[in-house]
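Per-entry structural report
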Amino acid sequence: MEIRQMATAFLFNQDHVLMMKKARSKIFNFEFWGGIGGHLENEELNFPMKASYREIEEETGFIKSDIENFRMKYILIEKNTGEIRQQYVYFGETKHRNFISSDEGELFWIHQSELLSLHTSKIITFTIEHYLENPVLDDIFVGTVRVHNEEKPQIQWATIKETISF
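Report follows, based on the coordinates. Sequence order as written defines residue numbering, which begins from 1 separately in each chain. The model is predicted, so local features are restricted to residues of pLDDT at least 70 and side-chain atom pairs to those at 80 or more, both for listing and for counting; the totals for chains, interfaces and linings are taken over all residues. Computation of side-chain values: all heavy atoms of the structure, hydrogens and water removed.

Here we take up helix H1 (residues 48-60). Structural remark: α-helix, 3.6 residues per turn; residues separated by three or four positions point the same way. The helix count covers DSSP runs of H or I at least four residues long, the strand count covers runs of E at least two residues long, and both are numbered beginning at the N terminus. By definition here, a helix of n residues has an expected span of 1.5 Å times n minus one. Helix length check: H1, at 13 residues, gives a terminal C-alpha distance of 18 Å against a target of 18 Å (1.5 Å per residue), a fit within 8%. Between buried and exposed lies partly exposed: a residue is buried under 20% and exposed over 50% of the maximum accessible area for its type, with that area taken using a 1.4 Å probe on protein chains only. Regarding H1, the residues found buried are Pro-48, Ala-51, Ser-52, Tyr-53, Glu-55, Ile-56, Glu-59 and Thr-60. Throughout, a residue-residue contact means that at least one pair of heavy atoms, one from each residue, lies within 4.5 Å. Considering only its buried residues, H1 is in contact with strand E1 (2-13), strand E2 (16-22), strand E4 (36-39), strand E5 (67-80), strand E6 (83-94) and strand E7 (106-111). Taken from the residues just after H1, Gly-61 is the one with a positive phi, measuring 85°.

As structure tokens, this is what we get:
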């Protein structure tokens, strides 16, 4: 089984979030929405924040100095199409709204009250919902999706805490 590592960013400007609409992907054969991001390159495997900044610049034109309060908030783990997917999710704030379009998809500033009505992957919907309910928590959360039989998918959240050696 292969492991796919990805970095995704949600960039806020006041009460709007920069979201990307894609016509389809390798996973979905229909229109869906997501944050800004993609796969980690080999030299980025231990540096997901570096990968996230690279993806942001490639997909939006925003550079590191355009973004404030950028921090990892989630690590998402799921099994999908025969691989384990590990996704590092970052949140930050942009100093302005001027993005540059790319070939990856269409960019839109979406009001945060509309985020949960967008068609996203289930794990991203869970993540956005959790973040909107807990925007000021400094913890990093690990989320795994579970499905039992034909039940509705659920997510389990765990907080990563600093371990104390004795």
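What follows deals with empty space enclosed by the protein. Here a cavity is any set of points on a 1 Å grid over the protein atoms alone where a 1.4 Å probe fits but cannot get out, and a pocket is any open set with protein on both sides within 12 Å along at least 5 of 7 lines; a residue lines the site when it has an atom within 4 Å of a point. Grid points are joined across faces, edges and corners, and a volume is the space filled by probe spheres set on the points. Tallied over the full model, the rule gives 1 cavity of 30 Å³ or more. Of all the secondary structure elements, the ones that give two or more residues to the lining of the largest cavity are E1 and helix H2 (122-133). The element contributing the most residues to the lining of the largest cavity is H2, with 3 residues. Side-chain classes are defined by residue name, with Ala, Val, Leu, Ile, Met, Phe, Trp, Tyr, Cys and Pro counting as nonpolar, Asp, Glu, Lys and Arg as charged, and the others, Gly among them, as polar. Along the lines of polarity and charge, the residues of the lining of the largest cavity split into 8 nonpolar, no polar and no charged.

Looking now at the packing of aromatic side chains. Note on aromatic contacts: the rings of Phe and Tyr and the six-membered ring of Trp form a pair at centre separations within 6.5 Å, being stacked when their planes are under 30 degrees apart, edge-to-face when over 60 apart, and tilted otherwise. One pass over the full model with this rule turns up 11 aromatic pairs. Aromatic side chains Tyr-74 and Trp-157 sit 5.1 Å apart centroid to centroid with 55° between the ring planes, which places their arrangement in the tilted category. Linking Tyr-74 in strand E5 with Trp-157 in strand E9 (residues 154-160), this pair joins segments that are 83 residues apart in sequence. Overall, the relative accessible area of 26% leaves Trp-157 in the partly exposed class. Taken together, the aromatic side chains of Phe-10, Phe-12, Tyr-74, Phe-91, Tyr-131, Phe-141 and Trp-157 make up a single cluster linked through ring pairs.

Salt bridge, as applied in this entry: a Lys or Arg side-chain nitrogen positioned within 4 Å of an Asp or Glu carboxyl oxygen. The final tally for this structure, using the stated rule, is 9 salt bridges. In this structure, Arg-54 engages Glu-55 in a salt bridge whose closest nitrogen and oxygen atoms are separated by 3.2 Å. Classification of Glu-55 by relative accessible area gives buried; the value is 7%. A salt bridge links Lys-161 to Asp-139, with the shortest nitrogen-to-oxygen separation between them at 3.2 Å. Placement of Lys-161 in the segment after E9 and of Asp-139 in the loop between H2 and strand E8 (140-146) is noted, with a sequence separation of 22 residues between them. Here the residues in one salt-bridge network are Glu-41, Glu-44, Arg-54, Glu-55 and Glu-58, joined through shared partners.

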